[in-house]
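# Topology and contacts: notes
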Amino acid sequence: MAANQLEDVVQRWRTTEDFKPEDHELFLNAGHTCIAQGDSTQLLDFIKEEANQHIVRSMGCGLLPALVNEVLRKDRSPANSQAIINQLVQTCNVKELLDILIQQVEDTDPNAIADSIIVLMPLIQSVLLRMSESKAHGLALALDSLQKQISKLPVPYSHKQEQEDVYGLCRCCTAVLTFVQPFVQEVKNQDTNLVATKLRAALLKFCMKSLREPLLQVQMDREANIIENSPLWNFATEIMAILAVIQESLPKILFYHPLRGKEDTFSEKDACLLNESRACMAYLLFVQLIAIEVFPVVFSPVFVLRCNMEYINLLLSRKDESWILKGLDLYVKSLERVTDCSLPVELLELKSFHEVPKNLITIMIDCPIQHLRGKSLVVFQLFIEKLNGEAKHTFCRRIMKTSHHAGVESIIIKNIKNQVEHCRKSAYEDSWFEGAPLISLLRDTIILPQGHETDLLNGMDRVMVSLNLLRYLLIQERKNSTGIWTDLCHIAESYTKLLRVCLSMAKSYYGTELKRLQEDKKIKAKEFKEASGKRLVQSLIVKTEKLGNMPWETQDKVLQCALVTYDLMESLVVRIEEIIEDSQK
């Protein structure tokens, strides 16, 4: 359209409030042409002119997507485009503006998420601040869209990655805190009116989602994060502070789950994720001590542990290093405040107290990350130390029946020995590890699970600690009788008799295998010495490949070690038999 014709159209628009679809199309075409040609100065002048304000108010919203894209371009100055956007945001219909801007957020280029939403957040904030009764609903929609995009950004794993912030997650977290501040302040200043109540609900939902994504994936170290001024640490701190400002009680959220009844605030899908948010909150509160100063001190350590076990179980059940590490740290901090030997047996009947040890054992056995395996073992032992005598007795019996792993079973047997030793060496009395209860536990513990078919090599840990426990008990009982000698001898004799059968079979098998291996080596050495010519060498190589995956030296070492282990077991069996025989003379 010629310039004079466009001027005639503009003059007509200035005299009417009734704009037709073709007027909207013409306006957008003209505006997009100016933007595409880089002639944003002329467009800015038109939009700022007082006589055109009703035109802009009715038809200006449609220019926003193109203007935002222009601002995001790196090859042009965004000043005029930004000025136009600011003018439109203050002039156009707020509902239309919000719909367009939220759609812009949802349509963000996956390769430019951070840059896009950082540009869009101040605009959405300006629009929301112009709204009144619908502000809270608009805020909820905007935060939902923004958090969906932010959740797509990779979480930095190290401090170096956090400082580099290649994907922009840290910038986005900082920007979204700035975005919500006016609404947090409004709730703080006017916490009794209806709008503030609805804003509080939207902000609560934002905080709970932020705890799950990204904070549940963030690696944290309180001292290092404070010194290095970590953006993600600051984000976690501010999220917990917002919860306090909007008057959400941390104990109620963590321990009494009030959010489950707020159907207007959380959808069914959101409710399924709330426990993950609470788990992160518990971690920030009790491990990183964020907002601990506003947490009441009236709750007993046992009550806090009991409540946190649900979150610990959730964290440990995920095969994710960040989650497992948070679960282990939360478990340690929850246990450290509990007095040793104080947790009652009734707690073991709770589902979480049954599931958490199972998850710990799974990590100890199957986790490929060494430091997590090591830490889970330390926490497992710490938990046992916090149980009282009856609970220890029950826990040991349960694990021996359910773990089906020699290494774990050996830990339990060592704890039984330590508990008996503690009772005998100090004034501390625990009837659960002496007399009839001890004998009952030993009958379920000092056994070979598969009878004469027990694999002694794989079960070596359990067998060795079982023999050591028997030897220790027999020596102690002979020195200072507690009335269990007869039962103890019966257990020892039954165990060693069956163990001797297993040892005889195992030593015979491994001895035969070692002899066969040594003979094979002699034959191959002879063949190699007599071989001549390329063809025979090639044949020898093929034949060597058929021996299996394990090299000869490794096979020999394994067999030799097995036989040494069996000799050690046999020496302990002999010592136990000697103790019993000596006492009968």
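Residues numbered from 1 in each chain as written. Predicted model: local features only at pLDDT ≥ 70, side-chain atom pairs only at ≥ 80, totals over all residues. Heavy atoms only, no water.

As annotated in an unreviewed UniProt entry, the protein chain is Glomulin from Cirrhinus molitorella.

## Some words on the overall build of the protein chain
Cut-off, in case you're wondering: Put simply, DSSP marks the helices as runs of H or I at least four residues long and the strands as runs of E at least two long, and each gets a number from the N terminus on. Burial here depends on accessible area, computed with a 1.4 Å probe over protein chains only, as a share of the maximum for the residue type. Under 20% is buried, over 50% is exposed, and the range in between is partly exposed. By definition in these notes, contact holds between two residues if any of their heavy atoms fall within 4.5 Å. Computed with the Shrake-Rupley method and a 1.4 Å probe, the accessible areas treat only the protein chains shown as cover for residues.
On a plain count of helices and strands, the protein chain comes out with 27 helices and 0 strands. Split into buried and exposed, the 585 residues of the protein chain put 46% on the buried side. Put simply, 75% of the contacts in the protein chain that link residues at least 6 apart link residues at least 24 apart. Total accessible area on the protein chain is roughly 29,700 Å²; 52% of this is exposed by carbon and sulfur atoms.

## Quick notes on the side chain of Asp23
Within the secondary structure layout, Asp23 lies in helix H2 (residues 21–36). Judged by its relative accessible area of 3%, Asp23 falls in the buried class. With residues near it in sequence (within four places) discarded, Asp23 still touches Arg12, Trp13, Asp18 and Met59.

## Digging into helix H18 (residues 321–336)
As a reminder, the rule being used: Multiplying 1.5 Å by the residue count of a helix minus one yields the expected span of that helix. We define a polar contact as two N or O atoms separated by no more than 3.5 Å, with the added condition that, inside protein, one atom must be a possible hydrogen donor and the other a possible acceptor, whereas residues neighbouring each other in sequence contribute only through side-chain atom pairs.
In this model, H18 (16 residues) spans 22 Å end to end at C-alpha, consistent with the 22 Å of a helix rising 1.5 Å per residue. Summarising burial for H18: 13 of the 16 residues are buried, a large majority. The N-cap of H18, judged by a side-chain oxygen 3.0 Å from the amide nitrogen of Ser322 a few residues on, is Asp320.

## Brief notes about the packing of aromatic side chains
Convention followed: Only the six-membered ring of Trp is used, alongside the rings of Phe and Tyr, when aromatic pairs are assigned; centres must lie within 6.5 Å, and planes under 30 degrees apart are stacked while those over 60 apart are edge-to-face, with the rest tilted. Two thresholds decide whether a charge sits over a ring: the Lys NZ or Arg CZ must be within 6 Å of the ring centre and within 35 degrees of the ring normal.
In total, this model carries 14 aromatic pairs according to the counting rule given. Between Tyr331 and Phe383, the ring centres sit 6.0 Å apart and the planes meet at 40°, which makes this aromatic pair tilted. Placement of the pair is Tyr331 in helix H18 and Phe383 in helix H20 (residues 370–386), with a sequence separation of 52 residues. Since its relative accessible area comes to 1%, Phe383 is described here as buried. Ring geometry for Phe380 against Phe395: centres 5.8 Å apart, planes inclined by 50°, an arrangement best described as tilted. Here Phe380, found in helix H20, pairs with Phe395, found in helix H21 (residues 389–402); they are 15 residues apart in sequence, far enough to count as distant. With relative accessibility at 0%, the residue Phe380 sits in the buried group. What links up through ring pairs into an aromatic cluster is the set Phe255, Phe286, Phe295, Phe299 and Phe303. One cation-aromatic arrangement involves Arg318 over Trp323; the distance from NZ or CZ to the ring centre is 3.8 Å. A cation over an aromatic ring shows up here: Lys417 above the ring of Tyr472, its NZ or CZ 4.6 Å from the ring centre.

## Examining the environment of Ala79
Tracing the chain through its elements places Ala79 in helix H6 (residues 79–91). Note on Ala79: relative accessible area 47%, which makes it partly exposed. For the pair formed by Ala79 and Ser40, sequence separation is 39 residues and the distance between their alpha carbons is 9.3 Å.

## Some thoughts on helix H14 (residues 231–245)
End to end, H14 covers 20 Å across 15 residues, agreeing with the expected 21 Å (1.5 Å per residue, within 8%). Taken residue by residue, H14 has Leu232, Trp233, Phe235, Ala236, Ile239, Met240, Ile242 and Leu243 as its buried positions.

## Observations regarding empty space enclosed by the protein
Our working rule: Computed over the protein atoms alone on a 1 Å grid, cavities are sets of points where a 1.4 Å probe fits but cannot get out and pockets are open sets with protein on both sides within 12 Å along at least five of seven lines; a residue lines them when it has an atom within 4 Å of a point. Grid points are joined across faces, edges and corners, and a volume is the space filled by probe spheres set on the points. Following the grouping adopted for this structure description, the nonpolar residues are Ala, Val, Leu, Ile, Met, Phe, Trp, Tyr, Cys and Pro, the charged ones are Asp, Glu, Lys and Arg, and the polar ones are all others, Gly among them.
A complete count under the given rule lists 1 cavity of 30 Å³ or more for this structure. Within the residue set of the lining of the largest cavity, elements represented by two or more residues are helix H9 (135–150) and helix H12 (194–212). Residue classes in the lining of the largest cavity are distributed as 4 nonpolar, 1 polar and 3 charged.

## Looking at the state of the cysteines
The condition that has to hold: The disulfide criterion is simple: two cysteine sulfur atoms within 2.5 Å.
For the coordinates displayed, the defined rule picks out 0 disulfides. In this model Cys423 remains outside any disulfide bridge; the closest cysteine sulfur is found in Cys341, 9.1 Å from its own. When its relative accessible area of 12% is taken as the criterion, Cys423 is described as buried.

## Things to note about unusual backbone geometry
Geometrically, the link from Glu213 to Pro214 is a cis peptide bond, its omega value of 15° lying close to zero. Mapped onto the fold, Pro214 is located in the loop between H12 and helix H13 (222–227). The phi angle at Leu289 is positive, at roughly 65°, despite the residue not being glycine. In this model, His404 sits at a positive phi of 55°, which is unusual for a non-glycine residue.

## A few points about the nonpolar core
Cut-off, in case you're wondering: Definition used in this section: a nonpolar core is a set of buried Ala, Val, Leu, Ile, Met, Phe, Trp, Tyr and Cys residues joined via side-chain atoms within 4.5 Å.
The biggest cluster of nonpolar side chains holds 188 residues, and the ones touching the most others in it are Phe179, Leu215, Met240, Leu284 and Tyr331. Residues contacting Leu215, with those up to four places away along its chain left out, are Ser210, Met220, Leu232, Phe235, Ala236, Ile239, Cys280, Leu284 and Lys326.

## Here we look at the pattern of salt bridges
Two side chains carrying opposite charge are able to pair once their charged atoms lie near each other. Convention followed: Any Lys or Arg side-chain nitrogen found within 4 Å of a carboxyl oxygen on Asp or Glu counts as a salt bridge.
If you walk through the whole model with that rule in mind, you get 23 salt bridges. Residue Arg397 pairs with Asp444 through a salt bridge whose shortest N-O separation is 2.1 Å. With Arg397 in helix H21 and Asp444 in helix H23 (residues 435–445), this residue pair connects regions lying 47 residues apart in the sequence. Residue Arg397 is classed as buried on the basis of its relative accessible area of 18%. Note on Asp444: relative accessible area 31%, which makes it partly exposed. The salt bridge involving Asp487 is made with Arg443; its shortest N-O contact spans 3.4 Å. Remark: Arg443 occurs in helix H23 and Asp487 occurs in helix H25 (residues 485–530); sequence separation between them is 44 residues. Connected via shared salt-bridge partners are Arg500, Lys507, Asp567, Glu570 and Glu577.

## Considering the side chain of Ser277
With respect to the helices, strands and loops of the structure, Ser277 is situated in helix H16 (residues 268–286). Other than its neighbours up to four places away in sequence, Ser277 contacts Met208, Lys209, Leu211 and Arg212.

## Things to note about a nonpolar patch on the surface
Note the cut-off: To count toward a patch, a residue needs a relative accessible area above 30% and no salt bridge. Like charges then connect within 9 Å, nonpolar side chains (Val, Leu, Ile, Met, Phe, Trp, Tyr) within 5 Å.
Taken together, Leu498, Val501 and Met505 make up a surface patch of nonpolar side chains, about 230 Å² in accessible area. On the secondary structure map, Leu498 appears in helix H25. Given the relative accessible area of 30%, Leu498 is considered partly exposed.

## Focus: the confidence of the model for the protein chain
To keep things clear, this is the line we draw: Within a predicted model, pLDDT stands for the predictor's per-residue confidence, ranging from 0 to 100.
With 89% of its residues at a pLDDT of 70 or more, the protein chain has an overall mean of 87. Note that residues 1–5 has pLDDT below 50 and, in this model, 3 contacts with residues that lie over four places away or in other chains.

## Points about the environment of Ala492
Looking at the secondary structure, you find Ala492 in helix H25. Taking relative accessible area as the criterion, Ala492 reaches 0% and is therefore assigned buried. Each C-alpha atom, one on Ala492 and one on Ile447, is 9.6 Å from the other, the two residues being 45 residues apart in sequence. Among residues more than four places away in sequence, those in contact with Ala492 are Leu470, Leu474, Ile576 and Ile580.

## Topic: the packing of helix H22 (residues 406–425) against helix H24 (residues 460–479)
To keep it simple, the criterion reads: Geometry is summarised by axes, namely lines fitted to C-alpha atoms with helices restricted to the contacting stretch, and by angles between N-to-C directions that run from 0 to 180 degrees. In this scheme, roughly parallel covers angles under 35 degrees and roughly antiparallel covers those over 145, while 65 to 115 is roughly perpendicular and the rest are oblique. Note on convention: near helix rotated counterclockwise from far helix by under a right angle means a left-handed crossing. Clockwise means right-handed.
At their nearest, the axes of H22 and H24 sit 8 Å apart, and the two run at 15° to each other. As far as their axial angle goes, H24 and H22 are roughly parallel. The chirality of how H22 crosses H24 is left-handed. Across the interface between the two elements, Ala406, Gly407, Glu409, Ser410, Ile413, Lys414, Ile416, Lys417, Val420, Glu421 and Arg424 of H22 pack against Asp461, Arg462, Val465, Ser466, Leu469, Tyr472, Leu473, Gln476 and Glu477 of H24. Classifying every residue of the contact of H22 with H24 gives 8 nonpolar, 4 polar and 8 charged.

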